[in-house]
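# Fold and geometry: a report
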Amino acid sequence: MLDKLQDRKKRHSELEKALSDPKVIADHSRFQAYVKEHSELAPLVSAINEYEGLIEEISETEELIEIEDDEEFCQLAREEVEGLKEKRDLLEFAIKRMLVPKDPNDGKSVIVEIRAGTGGDEAGLFAAELFRMYNRYATSCGWKTDMMDSHATGVGGFKEVIFGVEGKDAYSHLKYESGVHRVQRVPATESAGRIHTSAVTVAVLPEAEEVEVEIDPEDLRIDCFRSSGPGGQSVNTTDSAVRITHIPTGIVVSCQDEKSQHKNRAKAMKVLRARILDQIQREQDAQRAAERRTQIGSGDRSEKIRTYNFPQNRVTDHRIPITLYKLEAIMGGELNEFLEAIIMADQDEKLKLL
């Protein structure tokens, strides 16, 4: 670990020197990349310096104990060493976590896709509740949400809803929500009072920049059609809805929530880029299958990740596992307790690989 720490310190020093180089300053993209890397390394380097200072202080105090004759002084010094060692161990643990490789997508905004699965209308209603849950969570984090596309059911639910969440580090938190969410409760339409189990699939995609995913216009088939469902004056009257097919991958994206065809096309392209990037990354993950198995919440959409049991006021995450008896608060967007536990478990698994 000490070698890794010295490498980080050396890189931080190199970046400080490079950031004052006129050639680097003149190259805007390179300068910005160095600024970002420098700021990410700064907390680690600060912790390393503190860690090295503690080791030196422990060593000096232990040397004093060896040569000092005053027993009362030695006892106080030994107690001080114990305190310093506790600080050192805590700092060492924190530094190890800082050394865990970061997901390059963590700082990005995201596109969330929620689809009703088994359960008919009940699954659609729960899809709408999850949509509201994520909106409330995003608001509590100071993030902005933007509806991309939706297909409503006749009873107030969603067959599918796609929306963007724009904000710093949105992906680092929401990526753990990918997977199958189960709901267990008595549906409003159930006269016999029997508990039903329904399922909803959530996919969280990092938003892709145009430079990350190059799309050849020749590879696109773009169809315009009339919007359907509840909406404004343009619904069912103008061809404002857009469907884009990416021919090489077969990925199809549609958007009809805006009255403007131009805006719908822009949103559809944003979703398309995210899906293509997601496909590329999934193919790369498949090649690193052994590593992927060690990751909490790898984004496998067939994985059952959470159960919401309404009669018992219980929500269980099956990956850690953790169970909380505060279903109403969680559906109200209070996801931090779950997400913090999952992030910690994920980091613990990755630490084992270091």
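Here's a quick rundown of the structure. (Residues numbered from 1 in each chain as written. Predicted model: local features only at pLDDT ≥ 70, side-chain atom pairs only at ≥ 80, totals over all residues. Heavy atoms only, no water.)

### Concerning the overall build of the protein
In terms of regular secondary structure, the protein is built from 10 helices and 11 strands. In terms of C-alpha radius of gyration, the protein reaches 26 Å, well past the compact-globule figure of 20 Å for 354 residues. In the protein, which comprises 354 residues, the proportion classed as buried is 41%. When contacts within the protein are restricted to residue pairs at least 6 apart in sequence, long-range pairs at least 24 apart make up 61% of them. (Helix = DSSP H or I, 4+ residues; strand = E, 2+ residues; numbered from the N terminus. Rg over C-alpha atoms; globule rule 2.2 N^0.38 Å. Buried < 20%, exposed > 50% of the residue type's maximum accessible area, 1.4 Å probe, protein only. Contact = heavy atoms within 4.5 Å.)

### Re the pairing of strand E1 (residues 110-116)
In terms of burial, E1 is a largely internal element, five of the seven residues being buried. Pairing between E1 and strand E3 (residues 158-166): six bridges, direction antiparallel. Each residue of the ladder has a partner; that of Glu113, found in E3, is Ile162. Of the strand pairs in this sheet, E1 and strand E5 (residues 196-206) are connected by seven bridges, and their pairing is antiparallel. Counterpart to Ala116 in the pairing with E5 is Val200. (Pairing = 2+ DSSP bridges.)

### Observations regarding helix H1 (residues 2-18)
Here H1 is 17 residues long and its end C-alpha atoms lie 24 Å apart, about the 24 Å a rise of 1.5 Å per residue gives. Contact partners of the buried residues in H1: helix H2 (22-26), helix H3 (28-67) and helix H4 (71-99). (Expected span 1.5 Å × (residues − 1).)

### Notes on a negative patch on the surface
A contiguous patch of negative charge, built from Glu56, Glu57, Glu60, Glu63, Glu66 and Glu80, is present on the exposed surface. If one sorts the elements of the negative patch by residue count, H3 sits on top with five residues. (Patch = residues over 30% accessible without salt bridge, like charges linked within 9 Å, V, L, I, M, F, W, Y side chains within 5 Å. Areas by Shrake-Rupley, 256 points an atom, 1.4 Å probe, with all protein chains shown as cover. Salt bridge = Lys/Arg side-chain N within 4 Å of Asp/Glu carboxyl O. Lys, Arg positive; Asp, Glu negative; His and termini not counted. Charge placed at Lys NZ, Arg CZ, Asp CG, Glu CD.)

### Some words on helix H10 (residues 336-351)
Over its 16 residues, H10 extends 22 Å from the first C-alpha to the last, a length consistent with the 22 Å expected when each residue adds 1.5 Å. Looking only at H10, the buried set comprises Phe338, Leu339, Ile342, Ala345, Asp346, Lys350 and Leu351.

### Describing the packing of aromatic side chains
Taken as a whole, this structure holds four aromatic pairs when the rule is applied. An angle of 75° between the planes, with centres 5.0 Å apart, marks the rings of Phe131 and Phe163 as edge-to-face. With Phe131 in helix H5 (residues 121-140) and Phe163 in strand E3, the pair connects residues that are 32 residues apart, well separated along the chain. Pair check on accessibility: Phe131 and Phe163 agree, each one buried. An aromatic cluster of three or more residues is present, and its members are Phe131, Phe158 and Phe163. Sitting above the plane of the Tyr34 ring, Arg11 keeps its charged end 5.7 Å from the centroid. Above the ring of Phe310, the side-chain terminus of Arg185 is found at 4.6 Å from the ring centroid. (Phe/Tyr/Trp six-rings, centres within 6.5 Å; stacked < 30°, edge-to-face > 60°. Lys NZ or Arg CZ within 6 Å of the ring centre and 35° of its normal.)

### With respect to the nonpolar core
Counting residues in each nonpolar core, the largest one holds 36 residues, and the members touching the most others are Ile114, Leu130, Tyr134, Val165 and Tyr308. Of all elements in the fold, only E1, H5, E3, helix H6 (170-174), E5, strand E11 (322-324), helix H9 (327-331) and H10 reach the threshold of two or more residues within this core. Ranked by the residues each element gives to this core, the list is headed by H5, at nine residues. If sequence neighbours within four positions are ignored, Ile114 has contacts with Ala127, Leu130, Phe131, Tyr134, Lys159, Glu160, Val161, Phe163, Val200, Thr201 and Val202. Ranked by size, the runner-up nonpolar core spans 21 residues in total, among them Leu15, Ile48, Tyr51 and Leu99. (Core = buried A, V, L, I, M, F, W, Y, C linked by side-chain atoms within 4.5 Å.)

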